[in-house]
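Analysis of the macromolecular model
Read off the chains here:
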Amino acid sequence: MMSDKHDFVVVANRLPVDLQTSPDGKRTWTPSPGGLVTALTPVLRKNQGCWVGWPGVIDDAPEPFCTEDGVTLHPLKLNITEYQGFYEGFSNATLWPLYHDLIVTPQYDREWWHTYREVNLRFADEVASVAAHGATVWVQDYQLHLVPGILRQKRPDLTIGFFLHIPFPSADLFQQVPWREELVRGLMGADLIGFQLESGARNFLELASRQGYDTHGEVSTREVSAFINLSGGRRVGVGSFPISIDSAEMADFTTVDLGGAERIHAELGKERTVILGVDRLDYTKGILQRLIAFEELLESGALDPQEVAMVQLATPSRERIDHYRLARSRVEEAVGRINGRFGQIGRPVVHYQHTSVNKTTLRRYYRMADIMMVTPFKDGMNLVAKEFVACHGDFSGALVLSEFAGAADELTQAYLCNPFDIESVKTALRSAFRGLRDQPDALAQRMQIMHEQVLSHDVDLWSTSFLTALGKK
Ligand code: GDG
């Protein structure tokens, strides 16, 4: 019998699975995309908790149910107006570009804001109905800024944590938002507010101080030594908790047929060096920039199209939003152009797929790739970089990584680049090639250091350090 009250509740915009209905009316669940789901699935499994979220379809939400892993999924229904105003609008056309340092211009729309508030209230109501007395509630990400504040009022018995998966911008940028006080007040309902990097946590403290809050202490990582004192005697902790992956599971190839990875490489051309990109198709990820860097290196003759192939896996994402459509069409245009210029019939130089692959296949791609390119303009962390490194326990391969990915703080042995500067991306890619060709020992040493870093700093460390810090509050 499934209990309807839970001591541990995670609330995120999206459930870890999407509801799919086939033409004959049959309903099935498929894993939903993105880094938040990757990170939280093992945490929920461990805590046997309840996950409240949207099931990925409009106007439909099945009854709560328990997964094989013992996690209760509690779907919340969104209608089309809510989906457009809350999800596509305020979350992804206002906060997402703002928090990624204005890569595109954020839109400030009053209707979207009203809908965002209403939907946050619905999420908070749903959580309040499933949380046991004294439960721990962990609120996830920028779509749910107001949930901690609403929950605090409804259920003062709860311990509330909030974690932001994406970067937190400088106070100067954040102050653009017409509803800046309400957004910050919403977060202050939490006992602990966690950020990926210390820089994000410091930006938030600076903002809070500008808004008149009493802040003290210095930001630290995986523990809390910075606080905001609220009137009434409550205090909110602020800290940095760099997220990670289930590293041991990712690194374990005992159950994955390694021949599968070799076969993929052989299909692309055994003798060719393979460059890989894996991203949600998002304009923040710098996919076009890496294609252009590749194209220019082919054009100048620095790379030989007979000797190299690029594979870009681009998972569909937020496809109804204009900037995402534009990003996709630019990427696809570049793929077509590069193949037209440098490929041959039956032997393309860029292999591009705009569909998801399953996890086993993804791991084979990571394993067979010689060079991984992760080139976001801005990224909270970027789990793809860590996944690639985890899959290279044989210390083969090279990582080209943007300085603006949170992961660059930890993966310092990568070939770092500035994606705003195509020459810098080209230089990093050429260095990775040179490393592969001329300095295999040095390259293996770089990978070993990164592999050990990812193995010893996994998602369990992330969740345990956050929940321990939350428990101490
Ligand atoms: C947000 C922040 C932060 C991708 N394609 C496929 C697939 N994926 C999986 C990857 C990885 C995840 O999706 C993507 O995670 P990222 O971290 O790279 O990026 P976001 O989705 O933007 O995540 C980010 C993260 O939250 C966690 O806090 O790191 O900065 O933006 O796990 O493997 N998985 C499968 N098939 C695919 O085709 N199975």
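Just so we're clear, the structure is a prediction, and the values are computed from it rather than from any experiment.

Before going further, it helps to examine the site of the ligand. Among the 25 residues in the neighbourhood of the ligand, the closest are listed as His165, Thr315, Val357, Asp379 and Glu387. The separation between a nitrogen atom of the ligand and a polar side-chain atom of threonine 315 is 2.7 Å. Contact between the ligand and leucine 383: an oxygen atom at 2.8 Å from a main-chain N or O atom of the residue. Out of a free accessible area of 730 Å², the ligand has 91% covered by protein chains. Of the residues contributing to the shell around the ligand, the split by class is ten nonpolar, ten polar and five charged.

Another point: the pattern of salt bridges. Summed over all chains, the structure comprises 31 salt bridges. Salt-bridge contacts for arginine 210 lead to aspartate 172; the nearest nitrogen and oxygen are separated by 2.9 Å. Of this pair, arginine 210 sits in helix H7 (residues 198–210) while aspartate 172 is found in helix H5 (residues 171–174), placing the two residues 38 residues apart along the sequence. Residue classification places aspartate 172 among the exposed residues on the basis of a relative accessible area of 56%. Put simply, glutamate 332 and arginine 328 hold a salt bridge, and the shortest N to O gap is 2.8 Å. Of this pair, glutamate 332 and arginine 328 both sit in helix H11 (residues 322–342), four residues apart, which is roughly one turn of that helix. Classification of arginine 328 by relative accessible area gives partly exposed; the value is 30%.

A word on the sheet that holds strand S16 (residues 371–374). On the basis of which strands lie adjacent, the open sheet formed by six strands has the order S15-S14-S13-S16-S17-S18 and parallel pairing. Both outer strands of the open sheet, strand S15 (350–353) and strand S18 (415–417), are each paired with one neighbouring strand and no more. Going from strand to strand, the sheet's axes swing by 15 degrees on average, the running direction of each strand aside. Sheet topology note: the strand S13 (residues 273–280)/S16 ladder contains two bridges and is parallel. Along S16, the bridge assignment pairs isoleucine 275 with isoleucine 371. Its contacts with the sheet place helix H14 (residues 422–438) against S13, strand S14 (308–315), S16, strand S17 (398–402) and S18, and it is angled at close to 170 degrees to S18.

Below, the discussion takes up the side chain of arginine 318. Within the secondary structure, arginine 318 sits in the loop between S14 and H11. We classify arginine 318 as buried; its relative accessible area is 14%. Within the structure, arginine 318 has its side chain in polar contact with the side chain of tyrosine 324 (distance 2.8 Å). Once residues within four sequence positions are removed from consideration, arginine 318 is found in contact with Tyr87, Asn92, Trp96, Tyr142, Arg280, Asp282 and Tyr324.

For the protein, the domain assignment lists domain 1 (6–244 + 460–472) and domain 2 (247–456). A C-alpha centroid distance of 30 Å is found between domain 1 and domain 2. Overall, the association of domain 1 and domain 2 removes approximately 2000 Å² of surface from exposure, summing both partners, and the carbon and sulfur fraction of that is 62%. Along the contact surface separating domain 1 from domain 2 lie two salt bridges. We note a salt bridge from glutamate 88 to arginine 320, for which the minimum N-O separation is 2.6 Å.

Of all ten residues that make up helix H12 (residues 359–368), seven are buried, and the element is covered over most of its length. Listed in full, the buried residues belonging to H12 are Leu362, Arg363, Arg364, Tyr365, Tyr366, Arg367 and Met368. Its side-chain oxygen at 3.2 Å from the backbone nitrogen of threonine 360, asparagine 358 defines the N-terminal cap of H12.

For strand S12 (residues 235–240), a buried count of five out of six residues is recorded, marking the element as mostly surrounded by other parts of the structure. Pairing of strand S9 (residues 192–195) with S12, which is carried by four bridges, proceeds in the parallel orientation. The partner of glycine 194 across the bridge, within S12, is glycine 239. Where strand S11 (residues 226–229) hands over to S12, the hairpin turn is made up of five residues, of which glycine 232 adopts a positive phi near 100 degrees.

Criteria and thresholds
Residues numbered from 1 in each chain as written. Predicted model: local features only at pLDDT ≥ 70, side-chain atom pairs only at ≥ 80, totals over all residues. Heavy atoms only, no water. Near = heavy atom within 4 Å. Polar contact = N/O pair within 3.5 Å; in protein donor to acceptor, adjacent residues only side chain to side chain. Areas by Shrake-Rupley, 256 points an atom, 1.4 Å probe, with all protein chains shown as cover. Nonpolar A, V, L, I, M, F, W, Y, C, P; charged D, E, K, R; others polar. Salt bridge = Lys/Arg side-chain N within 4 Å of Asp/Glu carboxyl O. Helix = DSSP H or I, 4+ residues; strand = E, 2+ residues; numbered from the N terminus. Buried < 20%, exposed > 50% of the residue type's maximum accessible area, 1.4 Å probe, protein only. Pairing = 2+ DSSP bridges. Axes fitted to C-alpha atoms, helices over the stretch in contact; angles between N-to-C directions. Contact = heavy atoms within 4.5 Å. Domains from an automatic or database assignment. Buried area = accessible area lost by both parts, 1.4 Å probe.

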